[in-house]
2 protein chains.
Amino acid sequence: MRARQQIEGTRRRLVVIGGDAAGMSAASAARRLQGPFELEIIAFERGPDTSYSACGIPYWIGDIVGERDALIARTPAEFRERQHIDVRTRSLVTAVDTASRQVQVKDLDTGQAYPERYDELVIATGSEPVRPPLPGIDGDGVFSVHTLADGAAVRAALDAGGSPAGGGRAVVIGAGYVGLETAEALAGRGWSVTIVDQSPTPMTTLDPDMGARVVAGIEDTPIALALDDAAREIVLDAAGHVSAVATKSGRVLPAELVILGLGVRPAVALAEAAGIALGPTGAIAVDRRMRTRTEGVWAAGDCVESLHVITNRPVHIALGTHANKQGRVAGDNIGGGYSAFAGVLGTAATKVCQIEIARTGLSTQEAIEAGFDVVSASVDSTTRAGYFPGNTPICVKIIAERGTGRMLGGQIVGGAQSAKRIDILAIAIWNDMTALEFFSADQSYAPPFSPVWDPVVIAARKTHDLVHQDATRGGGPD
Amino acid sequence: MRARQQIEGTRRRLVVIGGDAAGMSAASAARRLQGPFELEIIAFERGPDTSYSACGIPYWIGDIVGERDALIARTPAEFRERQHIDVRTRSLVTAVDTASRQVQVKDLDTGQAYPERYDELVIATGSEPVRPPLPGIDGDGVFSVHTLADGAAVRAALDAGGSPAGGGRAVVIGAGYVGLETAEALAGRGWSVTIVDQSPTPMTTLDPDMGARVVAGIEDTPIALALDDAAREIVLDAAGHVSAVATKSGRVLPAELVILGLGVRPAVALAEAAGIALGPTGAIAVDRRMRTRTEGVWAAGDCVESLHVITNRPVHIALGTHANKQGRVAGDNIGGGYSAFAGVLGTAATKVCQIEIARTGLSTQEAIEAGFDVVSASVDSTTRAGYFPGNTPICVKIIAERGTGRMLGGQIVGGAQSAKRIDILAIAIWNDMTALEFFSADQSYAPPFSPVWDPVVIAARKTHDLVHQDATRGGGPD
């Protein structure tokens with residue numbers, strides 16, 4: 001029997017900073033390849049939880065998901081017991097010394113600070129919500145929707161009620177994924193909701209014509225839109241509680257609750273202070289194996305930038321799917337395996353009330369900026385055979401390269417059963433298919449699931465028909 | 001102004017035999033490229049309708065679709081008026097003389113026979129239901145579900161009622177797509193339904209383990225199964241009406257209605273009599289441009305065989321999606337364009353009650369027969385995030401080549417929102433992706449639409465993990 005003392009001396013130690021998707025995926029993947037006698041794993045998480053679904057928080061706020069703990073995929077105790085990962089929650093890493101391979105940790109419960117050495121370090125510090133320097137932004141009643149604690153705070157505010165008459169008025173600043181999903185949640189709880197956004201259409205990862213379809217859809221919901229406008233000030237009452245949002249155009253929107261949905265930026269302060277190189281997007285630069293440019297330091301998740309598979313340029317797109325995969329890649333490599341992250345297309349989906357929204361690849365603007373001459377076509381159809389009950393409208397847009405017909409991007413706005421079709425386009429674009437090749441491929445059909453020509457297939461055909469048209473003859477975005 | 005007489009002498013004539021998906025797609029595509037002064041188009045259809053959704057007939061029988069005419073995509077009058085296609089319904093082509101380029105036509109209303117010459121001929125005679133030589137098969141109350149007339153006959157039988165007590169008992173012979181869909185329709189109309197099939201599991205285009213999941217799902221429906229058995233005789237009463245189905249195992253299943261759901265075979269009698277070459281599957285042999293081996297004769301739809309994109313071997317798979325595309329290819333080429341049919345994967349979907357079923361590519365057995373050494377993995381998961389309401393179970397199976405990991409086939413059995421995922425796998429397989437490449441590709445995630453690792457993605461990972469295992473170490477189908 002080997003004495004523990006001896007093993008301590010020879011086994012490597014992996015330290016992970018951040019106990020959510022990327023960090024715990026890295027820890028788990030490394031553990032899969034190396035047992036606790038070979039590799040010691042310590043994961044520091046400043047919050048109380050590990051591996052929770054940030055994407056589920058709006059649904060918890062909206063009472064669609066009843067229990068907070070339902071959002072937790074795996075608890076610290078489970079990581080400890082099943083995988084011998086020493087998860088330390090409420091533990092903030094305050095500094096990294098890459099020369100001596102040490103991190104400084106602060107126990108947020110006891111206030112104690114202590115160092116830990118590492119052989120391999122994974123930085124998975126995630127992202128943080130954008131907080132513009134608006135007057136009043138630190139007032140009571142202003143929330144982000146980023147952590148479970150944020151979710152709990154919003155729920156408490158909802159439970160406390162808004163106006164004396166009950167219910168309440170909320171303003172959501174920002175019409176991106178989190179803004180729309182949270183607006184739906186608040187409306188579902190009986191609150192009056194207005195979304196303010198500086199763009200003329202929501203979801204700026206969509207082309208404006210597709211964004212306009214989202215606007216049209218939202219008109220059938222209880223959610224109000226104040227677009228092409230921006231929050232100028234969050235007005236607070238004497239007690240420091242939010243009472244309204246004033247906009248640049250002069251609107252004053254009374255509110256007891258303000259949600260910040262302005263997107264996220266990579267949380268890189270710790271890495272930057274440690275001298276770990278950032279890339280042109282401001283996120284941590286990593287190679288395909290998720291190595292930073294500093295020996296022994298890896299990074300994964302919302303804090304890193306990735307290569308876009310079409311442009312081959314670095315982009316910062318914060319999505320849980322990428323975080324999981326990147327974490328796994330880092331862990332595989334740390335554990336002695338070989339694994340590479342293949343890059344991103346920015347495939348994403350959401351819904352607001354009954355409107356499903358999805359996108360993949362480049363938008364028209366992004367494609368033009370990347371140097372492509374583009375054609376695009378959109379098609380209005382139905383999610384099922386025209387005669388089949390339960391049908392909902394769907395619009396599919398495809399963006400392709402003029403001349404070659406190579407598909408560059410796809411966007412979908414529609415009713416139930418629309419969004420998941422984006423993955424069909426994502427896989428096609430991932431494989432450099434042309435619109436004609438995609439049109440020709442063998443896809444399924446049955447009346448309950450699609451028209452005989454699925455909307456994505458018709459959109460491809462319509463796009464193909466424009467591919468060889470001369471730019472001067474038209475055939476641009478429609 | 002050019003006299004019509006002159007034009008008649010110089011313009012080409014396209015004759016189409018069969019006025020459904022393939023035939024009318026060919027006629028429309030040719031017309032798109034050549035106007036009526038260049039190309040005269042005559043389409044003969046023996047039934048009264050054109051371009052109807054055969055796939056919708058079970059839903060019409062089941063009263064899910066209320067109106068017969070809802071199933072008709074375009075009427076003969078619309079083809080005549082909008083596209084100058086001379087559609088002649090109730091007109092049976094009885095013979096083709098490829099030497100003199102003439103067809104013999106019989107007007108089924110007047111009984112008159114007459115010839116028509118052609119420059120180009122498209123044979124789109126479709127398929128016909130398999131009718132085994134069972135005693136009693138020609139009795140009253142025995143129906144196929146193939147044409148709108150069949151649908152009307154079944155509806156009339158249902159409306160007339162079955163047993164004196166009302167409602168009725170039906171036996172469906174054959175547990176393929178049409179059998180399952182019609183069983184659902186009959187059960188929905190309040191009939192007791194038993195499906196008889198000689199295989200131990202339904203849907204023999206699925207692997208047996210996936211078929212077993214369909215069986216388990218059907219156990220929660222009112223539909224009874226008599227599997228691993230086969231109809232031996234349709235028992236008729238003194239008036240010649242069906243009274244029961246007797247099976248090989250000795251069961252006697254009382255019934256007032258029998259549905260034949262034994263699949264289809266290509267309707268090639270006319271082509272064969274004209275000396276047009278058939279291929280090894282018994283369907284008409286065509287090249288990629290849908291040319292038969294006889295000058296001036298094209299063929300498309302259920303009557304032709306196609307190349308399977310994985311095996312490159314001819315297969316006969318009768319699907320409306322292929323018929324539409326093949327017809328369009330033939331018409332493009334006849335109209336002076338260039339178009340090629342890319343081949344098939346056999347991607348198909350259906351549902352029976354709440355069970356969605358889909359498949360693409362090769363089954364395990366088909367892959368082995370094609371010479372592949374296969375690995376496969378199946379995954380049980382949910383269609384939405386585990387915590388999200390409205391979740392249903394889904395099982396995804398992926399079949400891949402050992403060693404390379406190239407994906408060869410995919411199968412899905414699950415609840416609502418399962419089936420359409422097959423197209424994600426179909427596009428991946430179409431592009432020769434390996435399981436690892438597919439796992440790595442950027443797919444969408446949002447809690448209402450999928451778990452953070454979609455079931456198709458997990459199935460790919462699990463398949464990949466087996467790809468490099470030695471055959472002797474296991475890792476075969478599970």
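Caption draft 1: Looking closely at the overall build of chain A. Looking only at helices and strands, chain A features 13 helices and 25 strands. In terms of C-alpha radius of gyration, chain A reaches 24 Å, essentially the compact-globule figure of 23 Å for 478 residues. In terms of overall dimensions, chain A has C-alpha extents of about 75 × 60 × 40 Å along its principal axes. Relative to its full complement of 478 residues, chain A shows a buried share of 58%. Taking contacts inside chain A between residues at least 6 apart in sequence as the whole, the part at least 24 apart equals 64%. Looking at chain A as shown, the accessible area adds up to about 18200 Å², and 51% of this sits on carbon and sulfur atoms. Treating the 44 positive side-chain charges of chain A as one cloud and the 55 negative ones as another, the clouds have centres 4 Å apart.

Caption draft 2: Layout of the relation of the copies chain B and chain A. With an RMSD of 0.0 Å, the operation that places chain B on chain A is a rotation of 180° combined with a shift of 0.0 Å along the axis. Taken together, the rotation and translation describe the operation of a two-fold axis. Nearest to the rotation axis, the C-alpha of I424(B) is located 2.3 Å from it, this being the minimum over chain B.

Caption draft 3: Just the interface of chain B and chain A, in detail. Between chain B and chain A, the residue contacts involve 59 residues of the former and 58 residues of the latter. Summed over both sides, the interface between chain B and chain A buries roughly 5100 Å², with carbon and sulfur atoms accounting for 65% of that surface. Among the residues of chain B in contact with chain A, K420(B), D442(B) and F449(B) are the three that bury the most area, contributing 15% of the side total. Counting across the interface, chain B meets chain A through two salt bridges. One salt bridge connects D454(A) with K420(B), and the closest N-O pair in it is separated by 3.0 Å. Taken together, the links from chain B to chain A amount to 20 residue pairs in polar contact (both at pLDDT 80 or more). Going through the elements one at a time, α9 (320-334), β21 (348-352), α11 (422-430) and α12 (435-440) of chain B are the ones with two or more residues in the side of chain B that touches chain A. Across the side of chain B that touches chain A, the residue classes break down as 32 nonpolar, 15 polar and 12 charged.

Caption draft 4: Quick peek at the sheet that holds strand β12 (residues 224-226) of chain B. Residue and element names in this part refer to chain B. Judged by pairing direction, the sheet is parallel, and its five strands sit side by side in the order β9-β16-β10-β11-β12 without closing on themselves. The strands lining the two open edges of the sheet, one partner per strand, are β9 (142-144) and β12. Each strand of the sheet is rotated relative to its neighbour by a mean of 25°, with strand direction disregarded. Of the strand pairs in this sheet, strand β10 (residues 169-173) and strand β16 (residues 257-260) are connected by four bridges, and their pairing is parallel. Paired with V172 across the bridge in β16 is I259. The strands that helix α5 (residues 148-160) touches are β9 and β16; relative to β9, the one it contacts most, it runs at about 145°.

Caption draft 5: Main features of the nonpolar core. One finds F438(A) and F438(B) to be the most contacted residues of the largest nonpolar core, which totals 72 residues. Those residues in contact with F438(B) that sit more than four places away from it in its chain are I427(A), M407(B), I424(B), L425(B), A428(B), M433(B), Q443(B), V456(B), V457(B) and A460(B).

Caption draft 6: The confidence of the model for chain A, seen in detail. All names here are of chain A. For chain A, mean pLDDT is 94; residues scoring 70 or higher make up 95% of the total. Note that pLDDT drops below 50 for residues 474-478; the model gives that stretch 17 contacts with residues more than four away or on any other chain. Both confidence scores are given for the complex: pTM 0.95, ipTM 0.94.

Caption draft 7: Quick look at the environment of V214(B). Structurally, V214(B) is set in helix α7 (residues 208-218). Judged by its relative accessible area of 0%, V214(B) is buried.

Caption draft 8: Representation of the sheet that holds strand β6 (residues 113-117) of chain A. Residue and element names in this part refer to chain A. Pairing within the open sheet is antiparallel, and its three strands lie in the order β4-β5-β6. Of all strands in the sheet, those bounded by a partner on one side alone are β4 (91-97) and β6. Looking at each pair of strands side by side, their axes are set apart by 30° on average, direction ignored.

Caption draft 9: Fine view of the pattern of salt bridges. A complete count under the given rule lists 62 salt bridges over all chains for this structure. Counted as one network, the salt bridges with shared partners bring together R11(A), R13(A), E40(A), D86(A), R88(A) and E116(A).

Caption draft 10: Local environment of α5(B). Residues and elements named next belong to chain B. Here α5 contains 13 residues, and its C-alpha end-to-end distance of 18 Å stays within 8% of the 18 Å for a straight helix at 1.5 Å per residue. Looking only at α5, the buried set comprises L148, D150, G151, V154, R155, A157 and L158. For α5, the secondary structure elements touched by its buried residues are α3 (57-61), β9, α6 (177-188) and β16. After α5 finishes, the residue G161 shows a positive phi value of roughly 85°.

The rules we used
- Residues numbered from 1 in each chain as written.
- Chains lettered and ligands numbered in written order.
- Predicted model: local features only at pLDDT ≥ 70, side-chain atom pairs only at ≥ 80, totals over all residues.
- Heavy atoms only, no water.
- Helix = DSSP H or I, 4+ residues; strand = E, 2+ residues; numbered from the N terminus.
- Rg over C-alpha atoms; globule rule 2.2 N^0.38 Å.
- Buried < 20%, exposed > 50% of the residue type's maximum accessible area, 1.4 Å probe, protein only.
- Contact = heavy atoms within 4.5 Å.
- Areas by Shrake-Rupley, 256 points an atom, 1.4 Å probe, with all protein chains shown as cover.
- Lys, Arg positive; Asp, Glu negative; His and termini not counted.
- Charge placed at Lys NZ, Arg CZ, Asp CG, Glu CD.
- Least-squares fit on C-alpha atoms with pLDDT ≥ 70 in both.
- Buried area = accessible area lost by both parts, 1.4 Å probe.
- Salt bridge = Lys/Arg side-chain N within 4 Å of Asp/Glu carboxyl O.
- Polar contact = N/O pair within 3.5 Å; in protein donor to acceptor, adjacent residues only side chain to side chain.
- Nonpolar A, V, L, I, M, F, W, Y, C, P; charged D, E, K, R; others polar.
- Pairing = 2+ DSSP bridges.
- Axes fitted to C-alpha atoms, helices over the stretch in contact; angles between N-to-C directions.
- Core = buried A, V, L, I, M, F, W, Y, C linked by side-chain atoms within 4.5 Å.
- pLDDT = per-residue confidence, 0-100.
- Expected span 1.5 Å × (residues − 1).

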